[in-house]
Amino acid sequence: MQYAVIWASKLACVFLIQASFSFAIAADDLPVEDVTSVTKSWENTNSIAGVNFKVDDLRIEFGPFADNANISTDTYLHGAVSVKGKSGAWEFVLGGRLDTYAQTGTPGFVRTQLDYTENYLRWRGDNTRITAGTQNVLWGRVDEISPIDRMSRSDLSRSFLGRLPERRRAVPALRLEHFAGDYKVDAVWLPIFDAAVMPHQSSAWSPLDRINGRMLGIGNVPALIGAQVREEVHGSGGGGVRLTRTGAGLDYGLSLQRIRQSQPYYQMSPALLTAIHPFSWVLGGELETQKAGATWRMEATWSSDAPVTTRSFQYRTEQALDLVLGTEFFPGDSDTRVTLQVAAHKIFVSTPTLDRSQFYALTGEVEHPFAQGRWRANFRFISGLDKHDVYLNPKLTYTGIDQHEFFLAAHVFSGSPQTLGGYYKHDDLIVLGWQAKF
Amino acid sequence: MKHLIPGLIRQMPLRIILLACAGLILVSNQAWADTAGNELAQRIYDRPDGEDASSVVTMILTEKGRNPRVRKMMLYRLDKKQAEVSTLIRFIEPADIEGTGLLTVDGMNADTNQWIYLPALERVRRIDSNRKGGRFVNSDYYFEDLRDRKVSKDQHRIIGHETIAGVTCDVLESIPTEAGNSVYVKRVSWIDPVTLLPLRIDFFEKQENQPSKRLIVNKKEKVQGFWTVMDSTLTDLSNGHETRLTLGRMVYDKHLPARLFTSQVLEDVNAEKEYRP
């Protein structure tokens, strides 16, 4: 962890110096020719012989837990880099990321993980792309909860603290994309299954609390206390086909997936939890249009095999439906952006289960840039409609230095035991952070 | 149909203005509008600017006492048919917005479709194309400034003649025919009668006698026979914040393919590189 901090700090300093130097002279005072030369100094700074090196993301977050009697602070360090090249119809990407998670208090831990990002070889024709290797595959249209997004690998290392793209990672895949006019066919096969990235077992964000006997989505289960966990990860991840149309007035899509869920489902047996990743058929439909001064988005899916556990601890799979309706608008035609989604999930099971067989939630975000875009205020939330379940995420960000963001945020939870807010209700967190891209 | 952004491609921010003020087309039954004003607006709107255009544009945001912020983007425009225009903007710097794309397709019946590609999301998202207010990437340009504006949406009249940078300009006043069709209550443009480029535009948002923003053309050039605004500055008169647009390279009539203006290219950051000027 120490090395990661030093490396990140040095890199940040180098770029800060470079940025400050570049703008020592106000461009406003220069004649046109000089402005052009200032601009050209930005060109190809990271490119050698057509190969481009990029620092995709650097992030540091640190903050105290506000109401946890045992755990004191949470720290997150993240860096991701990539090299990209192109020659004729071929292009390649090599990339990796390093994440360090640390928690002080009881229990405390430090964990550093190296992981792949996108590493692929792509061939590009006029209307066709074929990509082989690890890559990001993010299907669907709505924010926060996207039922169609099943291809990507979930990043649950910090639960729901990040936005949807931050909660997704690349997967090993073979992908064919073909375009015909307004239509696109996207076929993906995941030859090797890779499971979701989970938090450290002692992390406050772990969905399993084997000290107090709790599980996210189920609530209190005393049998979990001290239970062992076994992971079952093998075989392929499945695949799917998605047909979309992007055109005048209405965008829509249909998809069919035979897919394994990357996030684990814990099958219970005495003193043992087995993390499994069941296959399911997923049939999806999606729409997107603009009406009445807003953009409207919808996703719906039918799943053949949603996992559940009966109250007699029997594991089974049942059919399920998911529906999300969302909108995005700018009140008063201003700079303030609002997104709202209503999400519904129902598992068709006749036997009482430990899991929530249905839930309804309102999610959304308000984003307001101000001071000529040098500051930004965000308020993100998830609120249960059928049970008390609240997650609030206010955030204030300074964006006055290009490529850098400095932010102060809070994560506040409350709710009943089976819910997200209830499970993390003693893990309210205040975070100070920095993020940059170069 | 012409867009502000396409306008940028054609003649930089001018076009914005041009279009804005030129938003021409006569409304002959308006008592105060004059024939000469409408004709001038129409001439501005019809000014030759090629079948397509591609350019490299640098946007510099400056605020007194602070370091400037620089954005660099590629702009592409294609006039597919009469009154049908497509534009693609791809940001290439700085790194935190690199790859962001904006595709706008203006149909013949004033219907507009607009999509944005955000690299962080890796998704193409439809956005509300009717948006008028709101700042474009934190600049002093509103989204309305980036849209094409038909001549018929304003009443135009010539209110005088003034000299700017040695050029005697026609001063054209343009007032929306309907209050709700613009964030501005009035625009006044100083038009170079030879090039038909506006050398200055005053934007009035709330009060008809107090401009809120001012666009000044710093440099114009003839590129491939088309007069083009190479450098302009838009100033927020209330706080002095400025948005300067400079054209690096500009190429007209490169025979850009229609495929360039599709979601296929929008979501593929590398796909438009071969068409860069």
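Residues numbered from 1 in each chain as written. Chains lettered and ligands numbered in written order. Predicted model: local features only at pLDDT ≥ 70, side-chain atom pairs only at ≥ 80, totals over all residues. Heavy atoms only, no water.

Chemist: Is there a simple way to think about the overall build of chain A in this case?
Modeler: Within chain A, the regular secondary structure consists of three helices and 28 strands. A total of 438 residues make up chain A; the buried ones form 52% of that total. Put simply, 56% of the contacts in chain A that link residues at least 6 apart link residues at least 24 apart. Accessible surface for chain A amounts to roughly 19100 Å². Of this, 63% is attributable to carbon and sulfur atoms. (Helix = DSSP H or I, 4+ residues; strand = E, 2+ residues; numbered from the N terminus. Buried < 20%, exposed > 50% of the residue type's maximum accessible area, 1.4 Å probe, protein only. Contact = heavy atoms within 4.5 Å. Areas by Shrake-Rupley, 256 points an atom, 1.4 Å probe, with all protein chains shown as cover.)

Chemist: Just to check I follow, could you spell out the sheet that holds strand β15 (residues 228-231) of chain A for this structure?
Modeler: Strands pair in a sheet through their backbones, by hydrogen bonds, and they do so in one of two ways: parallel or antiparallel. Residue and element names in this part refer to chain A. The three strands are arranged β15-β19-β18 in an open sheet whose pairing can be described as mixed. At either end of the open sheet lies a strand with only one pairing partner, and these are β15 and β18 (265-269). Strand-to-strand twist in this sheet, taken as the mean axis angle between neighbours without regard to direction, amounts to 30 degrees. Of the pairings in the sheet, the one linking β18 to strand β19 (residues 272-276) comprises five bridges and is antiparallel in character. If you follow Q267 over to β19, its bridge partner there is T274. (Pairing = 2+ DSSP bridges. Axes fitted to C-alpha atoms, helices over the stretch in contact; angles between N-to-C directions.)

Chemist: Just to check I follow, could you spell out the interface of chain A and chain B for this structure?
Modeler: Often, the extent of an interface is quoted as the loss of accessible area upon association of its parts. Listed per partner, the contact involves 65 residues of chain A and 54 residues of chain B. Buried area between chain A and chain B, both sides added, is near 4900 Å², and the carbon and sulfur share of it is 42%. The three residues of chain A that bury the most area against chain B are A:Q290, A:Q372 and A:R374, which together make up 16% of that side's buried surface. Run the count over chain A and chain B and you get 10 salt bridges. Elements with a minimum of two residues in the side of chain A that touches chain B: α2 (32-40), β10 (171-180), β17 (250-260), β20 (279-291) and β21 (294-309) of chain A. (Buried area = accessible area lost by both parts, 1.4 Å probe. Salt bridge = Lys/Arg side-chain N within 4 Å of Asp/Glu carboxyl O.)

Chemist: Before we go on, may I ask you to explain the nonpolar core in this structure?
Modeler: The nonpolar side chains of a soluble globular protein tend to be buried with one another. Residue and element names in this part refer to chain B. Judged by nonpolar contacts, the single largest core of 28 residues is most densely connected at M73, I89 and F136. When contributions to this core are tallied by element, the ones reaching two or more residues are β1 (52-62), β2 (69-81), β3 (84-93), β10 (198-204), β11 (213-223), β12 (226-236) and β13 (242-252). In this view, M73 contacts S55, V56, V57, M59, I89, R90, F91 and I92; residues no more than four positions away in its chain are not counted. The next biggest cluster of nonpolar side chains, apart from the first, holds 18 residues, and it includes L88, W115, L260 and A271. (Core = buried A, V, L, I, M, F, W, Y, C linked by side-chain atoms within 4.5 Å.)

Chemist: What exactly am I supposed to notice about the sheet that holds strand β14 (residues 219-220) of chain A here?
Modeler: Spatially, three strands are ordered β12-β13-β14 (chain A) in an open sheet, and the strand pairing comes out antiparallel. With partners counted over all chains shown, the strands left at the sheet margins are β12 (208-209) and β14 of chain A, one partner each.

Chemist: Looking at this model, I keep getting lost on the side chain of A:S304. Mind explaining?
Modeler: Residues and elements named next belong to chain A. Counting through the fold element by element, S304 comes out in strand β21. A polar contact of 2.8 Å, which involves the side chain of S304, links it to the backbone nitrogen of W281. Here the side chain of S304 touches D305 through a polar contact of 2.6 Å, side chain to side chain. (Polar contact = N/O pair within 3.5 Å; in protein donor to acceptor, adjacent residues only side chain to side chain.)

Chemist: I would appreciate a short explanation of unusual backbone geometry in the present structure.
Modeler: Note that the residue after A:T106, namely A:P107, is joined by a cis bond; omega there is -5 degrees. Relative to the helices and strands, A:P107 resides in the loop between β4 (90-105) and β5 (109-116). Look at the link from B:E93 to B:P94: it is a cis peptide, with omega at -5 degrees. With respect to the helices and strands, B:P94 occurs in the loop between β3 and β4 (101-106).

Chemist: How should the pairing of strand β6 (residues 119-124) of chain A be read in this particular structure?
Modeler: When a strand is regular, its side chains alternate between the sheet's two faces. All names here are of chain A. Residues Y120, R122 and R124 point to one face of β6 and are all buried, whereas N119, L121 and W123, pointing to the other face, are not buried. With four bridges connecting them, β4 and β6 associate as antiparallel partners. Bridging across to β6, W90 finds its partner in W123. Strand direction decides the pairing type here: β6 and strand β7 (residues 128-135), joined by six bridges, are antiparallel. Residue pairing for β7: L121 is matched across the bridge by A132.

Chemist: Mind showing me how you'd approach the side chain of A:D57 here?
Modeler: Residues and elements named next belong to chain A. On the secondary structure map, D57 appears in strand β2 (residues 51-64). According to the relative accessible area criterion, D57 is buried, its value standing at 9%. Of note is the side chain of D57, whose polar atom sits 3.0 Å from the side chain of R59. A distance of 3.5 Å separates polar atoms of two side chains, one belonging to D57 and the other to H78. If near-sequence neighbours (up to four positions away) are discounted, D57 is found in contact with H78, G79, A80, Q435, A436 and K437.

Chemist: Teacher, can you tell me more about a nonpolar patch on the surface here?
Modeler: Residues and elements named next belong to chain A. Residues V51, W90, F92, L94, L121, W123, I130, L174, L176 and W189 make up a contiguous nonpolar surface patch of about 910 Å² in total accessible area. The biggest single contributor to the nonpolar patch is β4, with three residues. Assignment of secondary structure puts W123 in strand β6. Here W123 falls in the partly exposed class, since its relative accessible area comes to 32%. (Patch = residues over 30% accessible without salt bridge, like charges linked within 9 Å, V, L, I, M, F, W, Y side chains within 5 Å.)

Chemist: Explain the pattern of salt bridges here, please?
Modeler: Between side chains of opposite charge, a pair can form as their charged atoms come close. Counted by the stated rule, this structure contains 63 salt bridges over all chains. One salt bridge in this structure joins A:R175 and A:E177, with 3.7 Å as the shortest N-O distance. The exposure classification of A:R175 matches that of A:E177, with both residues buried. Residues B:D202 and B:R214 are paired through a salt bridge, measuring 2.7 Å at the closest nitrogen-oxygen approach. In this pair, B:D202 is assigned in strand β10 and B:R214 in strand β11, connecting sequence segments 12 residues apart. Relative accessible area serves as the criterion here: at 4%, B:D202 is assigned to the buried category.

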